[in-house]
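Structural features, examined
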Amino acid sequence: MFAGFLDLARKDVEIPKNAPKEYTRELNAQFIEKYVRNKEDYEFVMAEPLRMSGIYWCTSALDLMNALDRLNRQEILEYLRECRRDDGGYAPAPKHDSHLLHTLCAVQILIIFDALDECDKEAVAKYVKSRQKEDGSFDGDVSGEIDTRFSLCALATLYLLDCLNVIDEEKAVQFVLQCQNFDGGFGTRPGSESHAGQVYCCVGALAIAGRLEEIDVDKTAMWLAQRQCESGGLNGRPEKLPDVCYGWWVLASLAILRRLDWIDKDKQISFIYACQDEEGGFADRPGDCPDPFHTVFGSAALSLFGCEQLLEVDPIFCEMPDQIEEVDEAQLLNTLKEMPSAEHSLTPLELSAFDDCATALVVDSILGFQTHKMFKRTRYLKNENGRAIEIMRKFRQEQNCKAVFQDFLKIRSINKFLLAYPINKQKEFRDHVVRFLQMFSKESGFTIESCSRYSQEDKKGAKLVATKYWRKGEHLTRLYGVVSEMSVKEEESILRPGINDFSVMYSTRKQCAQLWLGPGAYINHDCHPSCQWVSVGKTASIQAIRNIEPGEEITIFYGEDFFGDRNERCECYTCERHGTGAFTGLDENSDSMSGSSVEVGTTEERAKTRYGLRETVSRLNRLSVPR
Ligand code: GRG
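Overview of the structure. (Residues numbered from 1 in each chain as written. Predicted model: local features only at pLDDT ≥ 70, side-chain atom pairs only at ≥ 80, totals over all residues. Heavy atoms only, no water.)

**A look at the site of the ligand**
If you check the shell around the ligand, you find 16 residues, and the closest are H195, Q198, R237, K240 and Y246. Between the ligand and the protein, one listed contact pairs an oxygen atom with a side-chain N or O atom of H195 at 3.1 Å. The side chain of K240 places a nitrogen or oxygen atom 3.0 Å from an oxygen atom of the ligand. Look at the ligand: alone it shows 760 Å² of surface, and the protein chains cover 74% of it. When contributions to the shell around the ligand are tallied by element, the ones reaching two or more residues are helix 6 (100–112), helix 8 (148–160), helix 10 (196–208) and helix 12 (246–256). At four residues, the largest contribution of residues to the shell around the ligand is made by helix 10. (Near = heavy atom within 4 Å. Polar contact = N/O pair within 3.5 Å; in protein donor to acceptor, adjacent residues only side chain to side chain. Areas by Shrake-Rupley, 256 points an atom, 1.4 Å probe, with all protein chains shown as cover. Helix = DSSP H or I, 4+ residues; strand = E, 2+ residues; numbered from the N terminus.)

**Some details on helix 16 (residues 348–367)**
Along its length, helix 16 shows its largest kink, about 40 degrees, at A360. Across the 20 residues of helix 16, 18 count as buried, placing the element largely inside the fold. (Bend = angle between axes of the 7 residues up to and from the residue. Buried < 20%, exposed > 50% of the residue type's maximum accessible area, 1.4 Å probe, protein only.)

**As for the sheet that holds strand 4 (residues 504–507)**
The five strands are arranged 4-5-3-8-7 in an open sheet whose pairing can be described as antiparallel. Looking at strand neighbours, the two that pair on one side only are strand 4 and strand 7 (531–536), the edges of this open sheet. Here the average twist between neighbouring strands, direction ignored, is 40 degrees. Pairing between strand 3 (residues 475–486) and strand 5 (residues 512–517): five bridges, direction antiparallel. Paired with M486 across the two strands is A513, which belongs to strand 5. (Pairing = 2+ DSSP bridges. Axes fitted to C-alpha atoms, helices over the stretch in contact; angles between N-to-C directions.)

**Thoughts on the pairing of strand 2 (residues 461–466)**
Successive residues of a regular strand alternate their side chains across the two faces of the sheet. Counting buried positions along strand 2 yields five of six residues, so the element is predominantly enclosed. Pairing geometry for strand 1 (residues 446–451) and strand 2, over six bridges, is antiparallel. Of the residues in strand 2, the one forming a bridge with C451 is G461.

**Observations regarding the packing of aromatic side chains**
Inspection of every chain in the model, using the stated rule, returns 19 aromatic pairs. Among the aromatic side chains, those forming a connected cluster through ring pairs are W57, Y200, W248, W249, F293 and F297. Against the face of Y480 rests R435, its NZ or CZ located 5.5 Å from the ring centre. For the cation-ring pair, K468 lies above W470, with the distance from its terminal atom to the ring centre recorded as 4.0 Å. (Phe/Tyr/Trp six-rings, centres within 6.5 Å; stacked < 30°, edge-to-face > 60°. Lys NZ or Arg CZ within 6 Å of the ring centre and 35° of its normal.)

**Structural notes on the side chain of T371**
Within the element layout of this structure, T371 appears in the loop between helix 16 and helix 17 (385–398). Separated by 2.7 Å, the side chains of T371 and Y522 make a polar contact. Residues in contact with T371, not counting those within four places in the same chain, are T359, V363, D364 and Y522. (Contact = heavy atoms within 4.5 Å.)

**What to know about the pattern of salt bridges**
Considering all chains together, one arrives at 26 salt bridges under this definition. For K394, the salt bridge is made with D407, and the minimal N-O distance between the two is 3.0 Å. Here D407 lies in helix 18 (residues 401–409) and K394 lies in helix 17, a separation of 13 residues in the sequence. We classify D407 as buried; its relative accessible area is 18%. Close ionic contact of R453 with E576 constitutes a salt bridge, the shortest N to O distance being 2.9 Å. A residue pair is termed long-range when its members are at least 10 positions apart, and R453 in the loop between strand 1 and strand 2 and E576 in helix 22 (residues 573–578) qualify at 123 residues. When its relative accessible area of 16% is taken as the criterion, R453 is described as buried. Relative accessible area serves as the criterion here: at 22%, E576 is assigned to the partly exposed category. Several salt bridges share partner residues, and in doing so they unite R25, E26, E33 and R70 into one network. (Salt bridge = Lys/Arg side-chain N within 4 Å of Asp/Glu carboxyl O.)

That is the geometry; function is a separate question.
This is the structure:
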């Protein structure tokens, strides 16, 4: 209590010299896992009135850490069922009353677990509508408390369920606008003090309604930027102590307003790191006790700044497309061809994003794990993987490219992804997806399978395999490689050595690096390959250079020095058979012959510490591509 009084006088904190200086992902994940497991702990028991929010914080935190599998999905979904109330809303715990905040949390949890079909959308929408007052405001529950937090909860819930039209949106917007103060900030109700949490709620609500242009964005962003204290931390209002959770409320608001760079990023990151407990989890300030609330919002703030150990955060509100806008399905479907053109106009950036998204939809849905990606942190499918899996299952039976693409367009995150591109590029995305569908077409003569041969892929990669007999000289016309030339600037901005330069070649003729993606990027190297590349326009196809039996792997020769000098680290099947490359000097009967040499650490750690198998810089001077 005495410390609480002292806090009234303090205006900032000092960061201890020994405070953490990096994000401790594993410890943070363990902290959440332990919190959820120890249901008898005092903190857990006392948090019952907030339980649904607590589950949302834990679920969201582990989701960002890409560690959702540490939670018991079934147990959580069962809990949600117990919290459904007859009025259509969700309560924080069984036998409690429903509340708008916990209803939003429940919907978000269902989305994270890809289980939105468990939600009675109409009932929830009816409940949210019932909480709107005559002046456009919302109360949270039967107690009647009005707060702009509940305006955001209402709009966000309805947006996520695709039924914003059930409320009086205009009145909701007018109420939020009335809560803006002369300083640019927003409060809980008209005339109440500006607070960063409420700014987030109001800016988010206006973004959902597509009405941000109604405020002076610079003025609001200035008020938010002034929240940064000397320590680098952010406070919620003037003269108050910084708290790691404002890393989220302030930064997400600035991100929505496209003014994230108005904050001293490095100082803020150091402050956030320092709030981590040495045993995991985040506290409000350095040295305090950690909890799930500060852990999720501290992590989310770091993700906004692009922390590599965290998945891209989905602040929903700053990525929001226009509500009514949807891609023009007819334009895309009417001109769909089963064998797309060999030409394209994709820049390396577009090709990278399209390839990632298409492989997430088509390939990963069938193989059941994430295959190579240019931008690993981006979640193209958000939490709608289940839909893609279903669609691909149907494609394998019905073999209908048009129907499958039409279904893909119905996936919300895909529609949203495409809306960022003009129609000509959307068509190119469609063609790219169709190229990948060939992998599962009965006509193509090849397919993709998982492959555990290569240590560089943490033994979780893929290979292309023939599904028919191919004669020497025949062209595998449905197997495309898609090539895009890279400027030095593009190389610098897109490529990360050892991380995503796995398919970059140097053209000695054109004197530039080229990005090779498409289904062809899954073809593995072999020192005695079965195929070779043949350029066709801006794509490339594959030709058999010897007879290939069904079931045999389709391989090409990457180059003399792709896997180190004279391919000394090559792990191909031919090297394994001949005891060359990575198998040189290995005893045939030793354990390490069961695929390749022993590897320690993650791919990223290895990329930093040893020869980078796919390190562009060291390869660019050696490689050439076919003319
Ligand atoms: C979709 C992420 C998401 C949230 C739902 C409930 C809600 C919408 C947003 C809450 C926004 C908010 C009001 C955050 C502030 C939380 C907080 C730490 C309040 C503390 O206020 P004070 O007055 O502390 O106790 P200060 O920092 O002002 O001294």
